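# Summary of structural features
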Amino acid sequence: MTKYIITTESGSDISPQLVERYGIYVVPMHVTMGSETYDDGSFDVEDVYRFYDKTGTLPKTSGSTPQDFTTVFERIFEEHPGAHIIHVAYSAVTTVSYNSCVLAARELGNIHVIDSKNVSGGLTAVVVATAKFVEANPDSTPEEIVTFVEEVRERTRFVFLPQSLLYLKAGGRVSNVAYLGASLLRLHPTIVLENGYLVASKKYRGSYERCLKNALKDFVTNYSIDPETLTIGGTAGLSEAYKQLGETTLNKLGYQDPLWFSAGAVISSHGGPGAFGMIGIEKK
């Protein structure tokens, strides 16, 4: 029986508990603040915000290098001779990571690279679904696993609601005019993933509390989400009150005990402090 090992990048924000549960290996992405570059996950996420407050510039995020992948892949093959690696990759259109992984895979063999078309918690959702599929279907061929990943990624939904567009403006993802207009009109646009790209979507108006309630209602109304995959959470600075509001709102909508995630430095650099995320995989 072929042994499969699943890998992904740190930008998935996958929790240590899930890494341990499914034996997942994580390849570091990187964050540069000033003249120093750090592995994603090796520092306090709020350092991103402190750096911006101090300098007025966003940290620069960068994908994993071919050497990052080679280091992890070689370790896997040492620990699991004869294994096949299933790499569920961070959205290929947003970073060099995917191409770096392909380059590393060519040198080693037995590595199957699939673009998840997702980031952060959306990527974690695809990774976990893949791990569950492999557990339930241990005799699957690599091609069958790849086909599964390519299918499930198309049903994976990730929406986040920033409290401010300041970080998106600083990163060039919204114009100054859009930023000023949203601030004046108390608009909170959601950010969604479309074909791997982060794009602005439906705008909500009013207090953040009101917008959050409406965004959650629309999320579970517009998408037929499998309750077992429904996940909420956010970037550093998300208050306990908003976390509780999110869970209470979902409870009233018939969704009990949603899963939780905490966003890492890569997505936090775009969403800013206190952004709320909602994730789920649609039923077939």
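For the structure given in this document, a descriptive report is provided here. (Residues numbered from 1 in each chain as written. Predicted model: local features only at pLDDT ≥ 70, side-chain atom pairs only at ≥ 80, totals over all residues. Heavy atoms only, no water.)

## Let's talk about the pattern of salt bridges
The cut-off we apply is this: Here a salt bridge means any side-chain nitrogen of Lys or Arg lying within 4 Å of a carboxyl oxygen belonging to Asp or Glu. Each residue is assigned to one of three classes by its accessible area relative to the maximum for its type, calculated with a 1.4 Å probe on protein chains only: buried under 20%, partly exposed between the two thresholds, exposed over 50%.
If you walk through the whole model with that rule in mind, you get 10 salt bridges. With a closest N to O distance of 3.2 Å, Asp44 and Arg50 form a salt bridge. Accessibility expressed as a relative area gives 43% for Asp44, which makes it partly exposed. By relative accessible area, Arg50 is classed as partly exposed at 43%. Each of Asp44, Asp47 and Arg50 takes part in salt bridges that share partners, so that together they form one network.

## Structural notes on the sheet that holds strand β5 (residues 60-62)
Let me state the cut-off plainly: By definition, two strands form a pair when at least two bridges between them are found by DSSP. Helix numbering and strand numbering both begin at the N terminus, where a helix is a DSSP run of H or I of at least 4 residues and a strand a DSSP run of E of at least 2. Orientation is described by axes fitted as lines to C-alpha atoms, over the contacting stretch for helices, and by angles from 0 to 180 degrees between their N-to-C directions.
One open sheet holds the 3 strands; their spatial order is β4-β3-β5, and the pairing between them is antiparallel. This sheet does not close on itself; its edge strands, each paired only once, are β4 (36-39) and β5. Neighbour-to-neighbour, the strand axes of the sheet open up by a mean angle of 25°, direction not taken into account. Strand direction decides the pairing type here: strand β3 (residues 30-33) and β5, joined by 3 bridges, are antiparallel. Pairing of Thr32 across the sheet is with Lys60, part of β5.

## Looking at the packing of aromatic side chains
Stated formally: Note on ring pairs: Phe, Tyr and Trp rings are taken, using the six-membered ring of Trp, and paired if centres are within 6.5 Å. Classes follow the plane angle, with under 30 degrees stacked, over 60 edge-to-face and the rest tilted.
One pass over the full model with this rule turns up 7 aromatic pairs. Their ring planes at 55° and their centres at 5.7 Å tell us that Tyr38 and Phe43 sit as a pair that is tilted. Exposure remark for Phe43: the relative accessible area of 15% places this residue in the buried category. An aromatic cluster is defined as three or more aromatic residues linked by ring pairs; in this entry it consists of Phe158, Phe160 and Phe261.

## Observations regarding the layout of surface pockets
Short version of the rule: Detection works on a 1 Å grid of protein atoms alone, calling trapped sets that fit a 1.4 Å probe cavities and calling open sets with protein on both sides within 12 Å along at least five of seven lines pockets, with lining residues defined by an atom within 4 Å of a point. Grid points are joined across faces, edges and corners, and a volume is the space filled by probe spheres set on the points. For this classification, Asp, Glu, Lys and Arg are treated as charged, while Ala, Val, Leu, Ile, Met, Phe, Trp, Tyr, Cys and Pro are nonpolar and the rest, including Gly, are polar.
Estimated volume of the largest pocket: approximately 810 Å³. Lining the largest pocket are 38 residues, and of these Ile14, Leu18, Thr124, Ala125 and Val128 sit closest to its centre. Elements with a contribution of two residues or more to the lining of the largest pocket: α1 (16-22), α5 (120-136), α6 (142-152), β12 (259-262) and β13 (276-281). Class assignment of the residues belonging to the lining of the largest pocket gives a composition of 19 nonpolar, 10 polar and 9 charged. By volume, the second largest pocket amounts to about 350 Å³. Lining the second largest pocket are 23 residues; nearest its centre among them are Arg157, Val159, Val192, Leu193 and Tyr223. Those elements that provide at least two residues to the lining of the second largest pocket are β8 (156-161), β9 (187-194), β10 (197-205) and α9 (208-222). A per-class count over the lining of the second largest pocket returns 9 nonpolar, 7 polar and 7 charged.

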